Protein chains: 2
Amino acid sequence: MNAEKSTRHSLRIALFGFGTVGQSVARILTELRPEGLELTQIFNRNVARKKVDWVGADVVWSEDADAVLNSGVDVVVELMGGLEPAGGWIERALKSGKSVVTANKKLIAYRGVELEKMAAEKGGHIKYGAAVAGGIPVIPGLEQGLAGDQVNRIEGILNGTCNFILSEMEQGADFNAVLAEAQKRGYAEADPTEDVGGFDARAKLAILMRLAMRVHVNPDEISPRPITAVAPIDFSYARDLGCTIRQISRAECVGGHVAASVGPSLVPLTSPIAWSRAMMNMVMLSGRFGGDVIFSGHGAGGSPTAVAVVSDLIALASGSRRVEIASERAAIGTESEVAHYIRFRVKDRPGIVADIAGALAKEKININAIVQKPGCPSDDLPFVVTVEPCKASALKRALDAIKQCDYLVEEPLDMQILSA
Amino acid sequence: MNAEKSTRHSLRIALFGFGTVGQSVARILTELRPEGLELTQIFNRNVARKKVDWVGADVVWSEDADAVLNSGVDVVVELMGGLEPAGGWIERALKSGKSVVTANKKLIAYRGVELEKMAAEKGGHIKYGAAVAGGIPVIPGLEQGLAGDQVNRIEGILNGTCNFILSEMEQGADFNAVLAEAQKRGYAEADPTEDVGGFDARAKLAILMRLAMRVHVNPDEISPRPITAVAPIDFSYARDLGCTIRQISRAECVGGHVAASVGPSLVPLTSPIAWSRAMMNMVMLSGRFGGDVIFSGHGAGGSPTAVAVVSDLIALASGSRRVEIASERAAIGTESEVAHYIRFRVKDRPGIVADIAGALAKEKININAIVQKPGCPSDDLPFVVTVEPCKASALKRALDAIKQCDYLVEEPLDMQILSA
């Protein structure tokens, strides 16, 4: 912080990135004029085509990141995303004692601990309330309101795009059609892999694990399963089982070990998580003392994300400090034992069920139900086996054995079933 | 703060009140040993009968409030409740530069602004995350995560006792039986007026209005309606209308004016608020920029409330500051225009419906539906009229006129209907 701050002048803010979120941040700062905050610079590539007249004549527009970083701003708001060049800019800002507010989940998931240390060394702060679940105050809620608990489970819907796709499919839409619709509406990128592949959600899960469970994990150790394999028939079977399907991010502390997963999962219709539709996000935190706490709202979108960014700025201007939550390095060292749904597509012939049952029995996995809808073609017959809580690794061995058989039309789809 | 704090010694904590919440606070401090916090004194009346051996031998037990306040503690944790003597103790603590953490919703609703000013003058802090919705971090979420938005509506379930009673009645239980059960379980006081009368909820609503809508209202201006008038037949009619019944606290900013109400209301089954069962609390905040944000969890009980208290202590120890949210004095100056459910009990005779319809028409209130279940005795016939959104004052005038009629067996029950 420079000298002006201590005499209670306004914090001078440089906005890096004038896309949807950046514009919403500028809009809120301009319309609400929160005390103690002054937007002074906006950086964007090809800035000329971004210029708008409503942000005030004093704001300097620039496409020279160095010049903005070397200027007298107090806070850099980074909304470019990605590891680089955003990471380098943030590092330079922190090393010169500036504070940083960012919505960059990837950077915080991979380098958050290091950047927080860097900030503390120079007396600055890095805040990232917008990095997880956009407009829902999960991060401030965790840091300021649940620090006194011991959170041992996180379950949630952390990716709005997947939730939009799956809740539309629940109503009968086709995956490709709804993905195209999401892209048209700006909910999904041209390359949707980050979202539908689960990479976006796992970065957010890693951040929540650090703040809630105080474990510092490498996001790469969480293997996400894509939602692309979910077919309309799965929603039909899920409904028969009293469930729907959502992309679920889940982490658990079991006897000092840490389990984490991201992927499409069956959610009982009686669970609050099933209520989440369209672009909504939801996070359920289970604490040893406080029980379940649920946060829900708009996880993404320009305005909700901007609310989180501006709230972080207001907190900085108020002299509010992050509650230091110490975390320990941890490996994803264990597996949750949860129930599973496995959907097969087979060329029908006698003995298939016996074969599958045998492979599961060999791994000591108990079958809970076998469900088959009538009226499907016998050369591409879908049916579902649900199994009682078991380790994913044991199930994988059983499925690997089954995959050798010639009756499979495609790879079995394996999804966790959340408990009600 | 005394000199020790600045040299980063632990904050010395005095606990005022060793009831359910106080014991849970001591339990968490003893088991989790959060860095920077040291429980040094426990005050309670007749302290001898409260003593436990698990809090550590160094802790001083006392029934002399003055001695504890005059000692070198840094933070007073006030868990006695009520305006006095708690208010006087808190005042003395703040005036001597100590900080205060309290769960006292009544005191904060009536005197929060004054006490915050008092704290600021001496460099101390007053934090009250536990005052609303116990274990759910609504207050830190609002202060730290939604300060960048403009919240224009609050709807929620702020009293666990009423929610327990009404969600049990939804399942067929009788009011008096379930109230007795709540008292047995310690959910309700011997005199349940604060809870069932809506006084507890209105204090919490006033606190939320200040932090979320930045209006400083006198809680006495919110006239709560008790849940005692709700009968089993109302749940039956509510179900026919696609709704259930909950005690709802609601506030709204309409064109610069403030409306607020507390009372039993019809909640559409499709609304997230209808999900709240048993002792759960739920708060839905609607922001101009961020849309709806929902918080849900255990609103009361020793451990959840203690989590909020300990989280406030951890925030104090981290040097985190409250985000100053300036509020303006405001009168409850307007009414929300919402739909209403009115249940009559009448001695049946021709012309009643015409009579009621006429009284409503005179106040320009549109009837939406008239519902009457078959099979009820004609000398105590319940039936329901729902009306389109209208002002409560106009409806009251219409009902006052209807009350003059000799066919009423009891006063009509008027409940708001939340929109879906």
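The structure displayed is predicted, hence computed values, not measured ones. (Residues numbered from 1 in each chain as written. Chains lettered and ligands numbered in written order. Predicted model: local features only at pLDDT ≥ 70, side-chain atom pairs only at ≥ 80, totals over all residues.)

### Points about the overall build of chain A
Then comes step 1: A tally of regular secondary structure across chain A gives 14 helices and 17 strands.
Then comes step 2: Relative to its length of 420 residues, chain A is compact, with a C-alpha radius of gyration of 24 Å against a globular reference of 22 Å.
Then comes step 3: Overall, the C-alpha framework of chain A stretches about 80 × 45 × 35 Å when taken along its three principal axes.
Then comes step 4: When each of the 420 residues of chain A is scored for burial, the buried share is 52%.
Then comes step 5: Long-range contacts, defined as pairs at least 24 residues apart, comprise 74% of the intrachain contacts of chain A with a sequence gap of at least 6. (Helix = DSSP H or I, 4+ residues; strand = E, 2+ residues; numbered from the N terminus. Rg over C-alpha atoms; globule rule 2.2 N^0.38 Å. Buried ≥ 20, exposed ≤ 12 C-beta atoms within 10 Å, placed from the backbone. Contact = placed C-beta atoms within 7 Å.)

### Observations regarding the relation of the copies chain A and chain B
Then comes step 1: Screw-axis analysis of chain A against chain B gives a translation of 0.0 Å along the axis, an RMSD of 0.0 Å, and a rotation angle of 180°. Taken together, the rotation and translation relating the two chain copies correspond to the operation of a two-fold axis.
Then comes step 2: Comparing contact sets, 100% of the residues at the interface of chain A also lie at the interface in chain B, consistent with an isologous, same-surface contact. (Least-squares fit on C-alpha atoms with pLDDT ≥ 70 in both.)

### Details of the sheet that holds strand β2 (residues 37-43) of chain A
All names here are of chain A.
Then comes step 1: Across the sheet, six strands lie side by side as β3-β2-β1-β4-β5-β6; this open sheet has parallel pairing. If you trace the sheet from one side to the other, it starts and ends with β3 (60-62) and β6 (126-127), each paired once.
Then comes step 2: Pairing between strand β1 (residues 11-16) and β2: six bridges, direction parallel. Looking across to β2, one finds that R12 is bridged to E38. (Pairing = 2+ DSSP bridges.)

### Some points on the interface of chain A and chain B
Frequently, the measure chosen for interface size is the accessible area that the parts lose on association.
Then comes step 1: At the interface, 44 residues of chain A touch 44 residues of chain B.
Then comes step 2: At the level of elements, α2 (20-32), α6 (138-145), β12 (291-298) and α12 (302-317) of chain A are the ones that each hand at least two residues to the side of chain A that touches chain B.
Then comes step 3: Here the element with the most residues in the side of chain A that touches chain B is α12 of chain A; it accounts for nine residues.
Then comes step 4: Residue composition of the side of chain A that touches chain B, grouped by class: 22 nonpolar, 18 polar and four charged.
Then comes step 5: Note that β12 of chain A and strand β12 (residues 291-298) of chain B share five bridges and pair antiparallel. (Nonpolar A, V, L, I, M, F, W, Y, C, P; charged D, E, K, R; others polar.)

### Looking at the sheet that holds strand β6 (residues 126-127) of chain B
Residue and element names in this part refer to chain B.
Then comes step 1: The strand order across the open sheet built from six strands is β3-β2-β1-β4-β5-β6, with neighbouring strands paired in parallel fashion. Two strands lie at the open edges of the sheet, namely β3 (60-62) and β6, each paired on one side alone.
Then comes step 2: In terms of strand pairing, strand β5 (residues 99-102) meets β6 through two bridges, oriented parallel. Bridge assignment links V101 to a residue of β6, and that residue is K127.
Then comes step 3: Here helix α4 (residues 86-95) sits on the sheet and contacts β1 (11-16), β4 (75-78), β5 and β6; the angle it forms with β4, its principal contact strand, is near 165°. (Axes fitted to C-alpha atoms, helices over the stretch in contact; angles between N-to-C directions.)

### Examining unusual backbone geometry
Residues and elements named next belong to chain A.
Then comes step 1: Backbone torsion omega between E84 and P85 reads 5°, so that peptide bond is classified as cis.
Then comes step 2: With respect to the helices and strands, P85 occurs in the loop between β4 (75-78) and α4 (86-95).
Then comes step 3: One non-glycine residue, R33, lies in the positive phi region at around 40°.
Then comes step 4: Among the structural elements, R33 can be located in the loop between α2 and β2.
Then comes step 5: We classify R33 as exposed; it has 10 C-beta atoms within 10 Å.

### Digging into the domain arrangement of chain A
All names here are of chain A.
Then comes step 1: As assigned here, chain A comprises domain 1 (2-127), domain 2 (138-298 + 321-329) and domain 3 (338-417).
Then comes step 2: When each unit is reduced to the centre of its C-alpha atoms, the spacing between domain 2 and domain 3 is 25 Å.
Then comes step 3: Among the elements of the structure, α11 (232-240) and β10 (257-268) are those that each provide at least two residues to the side of domain 2 that touches domain 3.
Then comes step 4: Its residues placed into classes, the side of domain 2 that touches domain 3 shows seven nonpolar, four polar and two charged. (Domains from an automatic or database assignment.)

### A few points about the packing of helix α13 (residues 352-362) of chain A against helix α14 (residues 392-403) of chain A
Residue and element names in this part refer to chain A.
Then comes step 1: Interaxial distance between α13 and α14 falls to 8 Å at its minimum, and their mutual angle equals 145°. Remark: the crossing between α13 and α14 carries right-handed chirality. Every residue of α14 that contacts α13 at I356, A359, L360 and K362 is listed here: A398, A401 and I402. (Left-handed = near helix turned anticlockwise from the far one by under 90°.)

### Points about the pairing of strand β14 (residues 338-346) of chain B
Residues and elements named next belong to chain B.
Then comes step 1: With seven of nine residues buried, β14 is to be regarded as a mostly interior element.
Then comes step 2: With eight bridges joining them, β14 and strand β16 (residues 381-390) adopt antiparallel strand pairing. By the bridge assignment for β16, R343 is matched with V384.
Then comes step 3: In the sheet, β14 pairs with strand β17 (residues 408-417) via seven bridges, with the strands oriented antiparallel. Paired with H340 across the strands is Q416, a residue of β17.

### Examining the environment of K50 of chain A
Residues and elements named next belong to chain A.
Then comes step 1: Relative to the helices and strands, K50 is located in the loop between β2 and β3.
Then comes step 2: Considering only alpha carbons, one finds K50 and Q23, 27 residues apart in sequence, at a separation of 9.5 Å.
Then comes step 3: Excluding its chain neighbours within four sequence positions, the residues that come into contact with K50 are F18 and N44.

### What to know about the environment of A86 of chain A
All names here are of chain A.
Then comes step 1: Residue position: A86 is located in helix α4.
Then comes step 2: With 20 C-beta atoms counted inside 10 Å, the residue A86 sits in the buried group.
Then comes step 3: Distance from A86 to G301, taken between C-alpha atoms, is 20 Å for residues 215 residues apart in sequence.
Then comes step 4: The residues contacting A86, other than those within four sequence positions of it, are E78, M80, G81, N104 and L107.

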